[in-house]
Amino acid sequence: MNEGPRAVRCQRVVTCDPARASAGDPLGSIADGAVVFDETTIRSVGPASDVPREVPVLDLGARVLTPGLVDAHTHAAWAGSRHAEYAVRMAGGDYEAILAAGGGILSSHRAIVQTAQGALADTLALRLTRMAALGVTTCEVKSGYGLLPHEELKQLRAIAAVTSRPGVPSVVPTLLALHALPLDARANREAYVRKAAEQLVPEVARARLAAYVDAYVDRNAFTVEEARRVGEAARAAGLGVRLHVGQFADVGGAELAAELGAASADHLENVSEVGIAALADARVHAVLLPIASLTLQQAPPPVAALRAAGVRLVVASDANPGTAPTESLPLALAIAVRLYGLTPDEAILGSTRVAASSLGLDDRGFLAPGQRADMVAWDLPHEHAIVQPWGTSRTSRVWCAGALVHSSG
Ligand code: NIG
Ligand code: FE
């Protein structure tokens, strides 16, 4: 694309720019504002009356413009379907027991084994395109259903293959190195963990197939000692760390995230005061996943204590076929406000600027000159209407790095 400067004008431009934020206006909004951008980058943000006369303006009238949403925790590269298991769980079946019996994550693993890399990439691209239509312009995508090294590599190569496709959000790939033990590794978990830490992590780093390494630290999952091995291997290979922590029990995952200098600790339904203090000291982001805890009928994480400790709060979809059967980050925001007590402003920052920060991306998440032109025009009267009403993502236009990836009137 080789376009000159153009502008989009809305009755409300919600910048999320810290330089514009104030106590009374934490999102730094501009009434009758406009963003001028060319090719991939924002050139100016301000009152519509400041746009130079020669710049063509797309006037979207009474709409709201926000930064593109950043979904910082997804398992979007999945295949198959877990609808049968869902019905069993809704009738009282237990998520962890289903996994122990060889279902759950292991059922998605079998679907990955049966899916060719190209077909997996096609499925992922379609899913990401639907997510873009809901307002997502950057999406973290984890592996973690391959489980065997060559299948994890296949999942990561499928993720890499979609990044250049048009209409797809920008993708941040994560190697979820420890998610579940394959059935035939149950007899020798030490060898499985060793291979993940000593072979898979370095190989993925060499091939530049992931920016982060993740591990599921929980009862019935992996221990702190096991996760530390892959976390240290990640750091040694120059990769960042994100951890699934305290979804079912507090086994010390938050403290491990702090020790490893992780970018994020995710879930946190079960975390101690000591763990929260460790996250705050180490500047680890908390990634809240309200759809997962709703689906599992769990109590929310201690959001007030995390907030009081100064831990930065991110909200993500956790999109996956088991605990978070959705592709909708806006739905996660609505539930974060309804069930977790986030303010609408916290939810919006937690899915824009703070979410980008958790992914180490300082070129997006707020609207300011020099930032990537990732923007959403919402057919809504106010940005708080993104979290209420629910379930209808009223995006009018979505731009990803200046390219229009979704338009619906
Ligand atoms: O974030 N619980 C760990 N991992 C995912 C769920 C994976 C699945 O059930 O497929 C989560 O909740
Ligand atoms: Fe997850």
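Note: the structure precedes this text.
Here's a quick rundown of the structure.

1. What about the overall build of the protein chain?
Stage number 1. Of the regular secondary structure elements, the protein chain holds 14 helices and 16 strands.
Stage number 2. Over its C-alpha trace the protein chain gives a radius of gyration of 21 Å, about what one expects of a compact globule, namely 22 Å for 409 residues.
Stage number 3. Viewed in the frame of its principal axes, the protein chain has a C-alpha envelope of about 70 × 45 × 45 Å.
Stage number 4. Put simply, the protein chain has 409 residues, and 60% of those count as buried.
Stage number 5. Considering only contacts within the protein chain whose residues lie at least 6 apart along the sequence, 72% involve residues at least 24 apart.
Stage number 6. Accessible area for the protein chain stands at about 15100 Å²; split by element, carbon and sulfur atoms hold 53% of it.
Stage number 7. Across the protein chain, the mean location of the 36 positive side-chain charges is 4 Å away from that of the 42 negative side-chain charges.

2. Thoughts on helix 3 (residues 105-113)
For an α-helix the count is 3.6 residues per turn, leaving residues at separations of three or four pointing the same way.
Stage number 1. Regarding helix 3, the residues found buried are Ile 105, Leu 106, Ser 108, His 109, Ala 111 and Ile 112.
Stage number 2. Among the structural elements, helix 2 (95-100), helix 4 (117-133), helix 5 (149-162) and strand 9 (212-217) are those in contact with the buried residues of helix 3.

3. Looking at empty space enclosed by the protein
Stage number 1. Considering all chains together, one arrives at 1 cavity of 30 Å³ or more under this definition.
Stage number 2. Space inside the largest cavity adds up to approximately 100 Å³.
Stage number 3. Lining the largest cavity are 14 residues, and of these His 75, Tyr 95, His 179, Asn 320 and Thr 323 sit closest to its centre.
Stage number 4. Per-class residue counts for the lining of the largest cavity are 4 nonpolar, 8 polar and 2 charged.

4. A word on the site of ligand 1
Stage number 1. Around ligand 1 lies a shell of 15 residues, among which Arg 82, Tyr 95, Tyr 145, Gln 247 and Thr 323 are the nearest.
Stage number 2. Contacts to ligand 1 include Tyr 95, whose side-chain N or O atom sits 2.4 Å from an oxygen atom.
Stage number 3. His 244 places a side-chain nitrogen or oxygen 3.1 Å from an oxygen atom of ligand 1.
Stage number 4. Within the complex, 100% of the 330 Å² of free accessible area of ligand 1 lies under protein.
Stage number 5. Spatially, ligand 1 is embedded in the largest cavity.
Stage number 6. Across the shell around ligand 1, the residue classes tally to 4 nonpolar, 9 polar and 2 charged.

5. Focus on the coordination of the iron ion (ligand 2)
Stage number 1. Around the iron ion (ligand 2), the protein contributes the donor atoms His 73 (NE2), His 75 (NE2), His 244 (NE2) and Asp 318 (OD), which lie 2.1 to 2.4 Å from the metal centre.
Stage number 2. Look at where the donors of the iron ion (ligand 2) fall in the sequence and you get H-x1-H-x168-H-x73-D. In this pair, His 73 sits in the loop between strand 6 (69-71) and helix 1 (83-90) while Asp 318 sits in the loop between strand 13 (313-315) and helix 12 (329-340), placing the two residues 245 residues apart along the sequence.
Stage number 3. A relative accessible area of 0% places His 73 in the buried class.

6. Here's the deal with unusual backbone geometry
Stage number 1. A cis amide bond, omega 10 degrees, links Gln 388 with the succeeding residue Pro 389.
Stage number 2. Along the chain, the position of Pro 389 falls in the loop between strand 14 (375-378) and strand 15 (395-400).
Stage number 3. Positive phi, normally seen in glycine, also occurs at Arg 283, with a value near 60 degrees.
Stage number 4. Along the chain, Arg 283 turns up in the loop between helix 9 (273-281) and strand 12 (285-288).

7. Looking at the pairing of strand 14
Stage number 1. Alternating residues of strand 14 divide into Met 375 and Ala 377 and Val 376 and Trp 378, and every residue in both groups is buried.
Stage number 2. As defined by bridge partners, strand 5 (residues 64-67) adjoins strand 14 across 4 bridges and the pair is classed as antiparallel. Following the sheet pairing, Pro 67 is matched in strand 14 by Met 375.
Stage number 3. Pairing analysis gives 4 bridges linking strand 14 to strand 15, with the strands arranged antiparallel. The partner of Trp 378 across the bridge, within strand 15, is Thr 395.

8. Some remarks on the pairing of strand 12
Stage number 1. The two faces of strand 12 match: His 285 and Val 287 on one face and Ala 286 and Leu 288 on the other face are all buried.
Stage number 2. Since strand 11 (residues 264-267) and strand 12 lie parallel, the crossover through helix 9 that links them has a hand, and here it is right-handed.
Stage number 3. Bridging between strand 12 and strand 13 involves 3 bridges; their strand directions are parallel. What sits directly across from Leu 288, in strand 13, is Val 315.

9. Things to note about the packing of aromatic side chains
Stage number 1. Applying the stated rule across the entire model yields 2 aromatic pairs.
Stage number 2. Between the aromatic rings of Phe 37 and Trp 399, the centroid separation amounts to 6.0 Å while the plane-to-plane angle is 70 degrees, which identifies the pairing as edge-to-face. With Phe 37 in strand 2 (residues 29-38) and Trp 399 in strand 15, this residue pair connects regions lying 362 residues apart in the sequence.
Stage number 3. Judged by relative accessible area, Phe 37 falls into the buried class, the value being 2%.
Stage number 4. Judged by centre distance (5.8 Å) and plane angle (15 degrees), the rings of Tyr 95 and Phe 248 are stacked. Pair noted here: Tyr 95 is in helix 2 and Phe 248 is in the loop between strand 10 (240-245) and helix 8 (253-259), with a separation of 153 residues, a long-range link.

What counts, and at which threshold
- Residues numbered from 1 in each chain as written.
- Chains lettered and ligands numbered in written order.
- Predicted model: local features only at pLDDT ≥ 70, side-chain atom pairs only at ≥ 80, totals over all residues.
- Heavy atoms only, no water.
- Helix = DSSP H or I, 4+ residues; strand = E, 2+ residues; numbered from the N terminus.
- Rg over C-alpha atoms; globule rule 2.2 N^0.38 Å.
- Buried < 20%, exposed > 50% of the residue type's maximum accessible area, 1.4 Å probe, protein only.
- Contact = heavy atoms within 4.5 Å.
- Areas by Shrake-Rupley, 256 points an atom, 1.4 Å probe, with all protein chains shown as cover.
- Lys, Arg positive; Asp, Glu negative; His and termini not counted.
- Charge placed at Lys NZ, Arg CZ, Asp CG, Glu CD.
- 1 Å grid on protein atoms, 1.4 Å probe; cavity = no way out; pocket = protein on both sides within 12 Å on 5 of 7 lines; lining within 4 Å.
- Points joined across faces, edges and corners; volume = space filled by probe spheres on them.
- Nonpolar A, V, L, I, M, F, W, Y, C, P; charged D, E, K, R; others polar.
- Near = heavy atom within 4 Å.
- Polar contact = N/O pair within 3.5 Å; in protein donor to acceptor, adjacent residues only side chain to side chain.
- Sits in = over half its atoms within 2 Å of the grid points.
- Donors = N, O, S within 2.8 Å, 3.2 Å for Na, K, Ca; no water.
- Pairing = 2+ DSSP bridges.
- Right-handed = clockwise from strand over helix to strand, strands pointing away.
- Phe/Tyr/Trp six-rings, centres within 6.5 Å; stacked < 30°, edge-to-face > 60°.

Read these as spatial facts, not as claims about activity.
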